[in-house]
Amino acid sequence: MDRRVSAIVTACLLASSGACHAWARQDVTPEAAVADANGHVRVTRTDHSVIELRDAAVVHDSLIGTPVDDRNMRSAIALKDIQSVSTREVSAGRTAGLAAGTVLGIIAVVGILTAILLGQVLSSG
């Protein structure tokens, strides 16, 4: 029974691990934002369109990267056409929510398993 509980807890943690991050707008130049983001950024253009890029780098007067939704295409955006650059950062609120939800989930699973085991003991005795 301990393996099942462990598997359930592990599955819950893996499923919700992405909740601890959020996009945060950077109030620095695109060059500085890209350098701090390890190449993964979300760019808002001056026309308000948004594109998420991996392997982003500033080359001369352009931001070049691979769009997340099309790994076979490289994209270049003129720096003058960039309104803002956002990077993924740890979100304290989401992390706290995840921790609280995980604890409540574990308590619920333990309670359900306890009720099942207690029911089995009472019905066999």
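Everything below is about the structure printed above this text.
Now for a description of the structure that goes with this document. All of these numbers come straight from a predicted model, not from anything done at the bench.

## Examining the pattern of salt bridges
Pairing between side chains becomes possible if they bear opposite charge and their charged atoms approach one another. Applying the stated criterion across every chain, the model contains three salt bridges. The salt bridge partner of Lys 80 is Asp 81, with a shortest N-O separation of 3.5 Å. Note on Lys 80: relative accessible area 70%, which makes it exposed.

## Describing the side chain of Thr 66
Along the chain, the position of Thr 66 falls in strand β4 (residues 62-67). Thr 66 gets classed as buried once you look at its relative accessible area, which sits at 10%. A polar contact is formed between the side chain of Thr 66 and the side chain of Arg 74, at a distance of 3.1 Å. If near-sequence neighbours (up to four positions away) are discounted, Thr 66 is found in contact with Glu 52, Leu 53, Arg 54, Asp 55, Arg 71, Met 73 and Arg 74.

## Observations concerning the side chain of Thr 44
Among the secondary structure elements, Thr 44 is positioned in strand β2 (residues 41-45). In contact with Thr 44, not counting residues within four places along its chain, are Ser 49, Val 50, Ile 82, Gln 83 and Ser 84.

## Quick look at unusual backbone geometry
The backbone phi angle of Asp 55 is positive, close to 55°, even though this residue is not glycine. Looking at the element boundaries, Asp 55 is found in strand β3 (residues 50-59). For Asp 55, a relative accessible area of 54% gives the class exposed. Despite not being glycine, His 60 has its phi angle at roughly 55°, a positive value. Tracing the sequence through the fold places His 60 in the loop between β3 and β4.

## Observations concerning the nonpolar core
Counting 13 residues, the largest nonpolar core has Val 41, Val 43, Leu 53, Ala 56, Leu 63, Ile 77 and Ile 82 as its most contacted members. Tallying contributions element by element places β3 first for this core, with three residues. For Leu 53, the residues in contact, after removing those within four places along its chain, are Gly 39, His 40, Val 41, Val 43, Leu 63, Gly 65, Thr 66, Pro 67, Val 68, Ser 75 and Ile 77.

## Observations concerning the pairing of β3
Note: β2 against β3, four bridges, orientation antiparallel. Bridge assignment links Arg 42 to a residue of β3, and that residue is Glu 52. Hairpin connection, β2 to β3: the antiparallel pair is bridged by four residues, and His 48 has positive phi, about 75°. Pairing between β3 and β4: five bridges, direction antiparallel.

## Here's the deal with the environment of Glu 52
Along the polypeptide, Glu 52 turns up in strand β3. Owing to a relative accessible area of 23%, Glu 52 belongs among the partly exposed residues under this scheme. Considered as a pair, Glu 52 and Asp 69 are 17 residues apart in the sequence and their alpha carbons are 8.2 Å apart. Leave out the neighbours within four places in its chain, and Glu 52 touches Trp 23, His 40, Val 41, Arg 42, Thr 66, Pro 67 and Val 68. At 2.7 Å, the side chain of Glu 52 and the side chain of His 40 are in polar contact.

The rules behind each value
Residue positions are counted from 1 within each chain, in the order its sequence is given. The predicted nature of this model means local features are confined to residues of pLDDT at least 70 and side-chain atom pairs, given and counted, to a pLDDT of 80 or more, with totals for whole chains, interfaces and linings taken over all residues. Here the side-chain values reflect all heavy atoms present in the structure, with hydrogen atoms and water set aside. Every case where a carboxyl oxygen of Asp or Glu lies within 4 Å of a side-chain nitrogen of Lys or Arg is listed as a salt bridge. Note on classification: 1.4 Å probe, protein chains only; a residue is buried when its accessible area is under 20% of the maximum for its type, exposed when over 50%, partly exposed between these limits. In this text, helices come from DSSP runs of H or I with a minimum length of four residues, and strands from runs of E with a minimum of two, each type numbered from the N-terminal end. Throughout this description, a polar contact denotes any pair of N or O atoms lying within 3.5 Å of each other; where both atoms belong to protein, one of them has to be capable of donating a hydrogen while the other can accept it, and for residues adjacent in sequence the pair is counted only when both atoms sit in side chains. Pairs of residues are marked as contacts when any of their non-hydrogen atoms sit within 4.5 Å. Definition of nonpolar core: a set of buried residues of the types Ala, Val, Leu, Ile, Met, Phe, Trp, Tyr and Cys, connected through side-chain atoms within 4.5 Å. Strands were regarded as paired on the criterion that DSSP finds at least two bridges between them.

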